Amino acid sequence: QAQLVESGGDLVQPGGSLRLSCEASGVINFTLHTQFWYRERPMKSREWVASNVPGRTPEYNSFVRGRFSMSRDDAKNTIYLQMNDLRPEDTAFYFCNAYNRRNFWGQGTRVTVSS
């Protein structure tokens, strides 16, 4: 059974950092699947945060560029979203997604940025 499981969400103060993880299992293989991070802020639609096509450089939405970075551990079949200089407006549920002719979503992990 294919599954994505996010973790790492927490309450953090403005300016702080978090690293989100997304572990894949089943037929999902991050060396073959394009990886995405999305988020849903309170009262907002889901928005694209970052993505990585295998073999290419990750791309980022302008509102996180320079603060967030994606990485991947193929041995663990896990992707990460390193989030630095967090702002209150980064408060959201963060979801990972994998796509290769089929779309897979995780359940999300909550990030709250507040003092």
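Right above here is the structure, for reference.
About the criteria used
- Residues numbered from 1 in each chain as written.
- Predicted model: local features only at pLDDT ≥ 70, side-chain atom pairs only at ≥ 80, totals over all residues.
- Heavy atoms only, no water.
- Disulfide = S-S within 2.5 Å.
- Helix = DSSP H or I, 4+ residues; strand = E, 2+ residues; numbered from the N terminus.
- Buried < 20%, exposed > 50% of the residue type's maximum accessible area, 1.4 Å probe, protein only.
- Core = buried A, V, L, I, M, F, W, Y, C linked by side-chain atoms within 4.5 Å.
- Contact = heavy atoms within 4.5 Å.
- Polar contact = N/O pair within 3.5 Å; in protein donor to acceptor, adjacent residues only side chain to side chain.
- Pairing = 2+ DSSP bridges.

## With respect to the state of the cysteines
Covalent bonding between the sulfur atoms of two cysteines defines a disulfide.
And then number 1: Tallied over the full model, the rule gives one disulfide.
And then number 2: Each disulfide pairs two cysteine sulfurs, and for Cys22 the partner residue is Cys96, the sulfurs being separated by 1.9 Å. A torsion of 55 degrees about the S-S bond marks the disulfide between Cys22 and Cys96 as right-handed. Of this pair, Cys22 sits in strand S3 (residues 18–25) while Cys96 sits in strand S9 (residues 92–99), and the two are 74 residues apart along the sequence.
And then number 3: Among the residues examined, Cys22 registers a relative accessible area of 0% and is labelled buried.

## Topic: the nonpolar core
And then number 1: Residues Leu4, Trp37, Leu81, Met83 and Tyr94 are the most contacted members of the largest nonpolar core, which totals 26 residues.
And then number 2: At the level of secondary structure, the elements contributing two or more residues to this core comprise S3, strand S5 (46–52), strand S7 (68–73), strand S8 (78–83), S9 and strand S11 (109–113).
And then number 3: Apart from the residues lying within four places of it in its own chain, the contact partners of Met83 are Gly16, Ser17, Leu18, Leu20, Arg67, Phe68, Tyr94 and Val111.

## As for the side chain of Arg67
And then number 1: With respect to the helices and strands, Arg67 occurs in the loop between strand S6 (59–60) and S7.
And then number 2: Of the polar contacts made by the side chain of Arg67, one reaches the backbone oxygen of Asp85; its length is 2.9 Å.
And then number 3: Not counting residues up to four positions away in its chain, the partners in contact with Arg67 are Gln82, Met83, Asn84, Asp85, Leu86, Arg87 and Asp90.

## Brief notes about the side chain of Asp90
And then number 1: Mapped onto the elements of the fold, Asp90 is located in the loop between S8 and S9.
And then number 2: Setting aside its immediate chain neighbours within four residues, Asp90 contacts Arg39, Arg67, Phe68, Asp85, Val111 and Val113.

## Some points on the pairing of S7
And then number 1: Two elements, S7 and S8, share six bridges in a ladder whose sense is antiparallel. Paired with Arg72 across the strands is Ile79, a residue of S8.
And then number 2: Remark: four residues form the turn of the hairpin made by S7 and S8, two consecutive strands paired antiparallel; Asn77 in that turn has positive phi of roughly 50 degrees.

The quantities given are spatial measurements derived from coordinates; they are silent on function.
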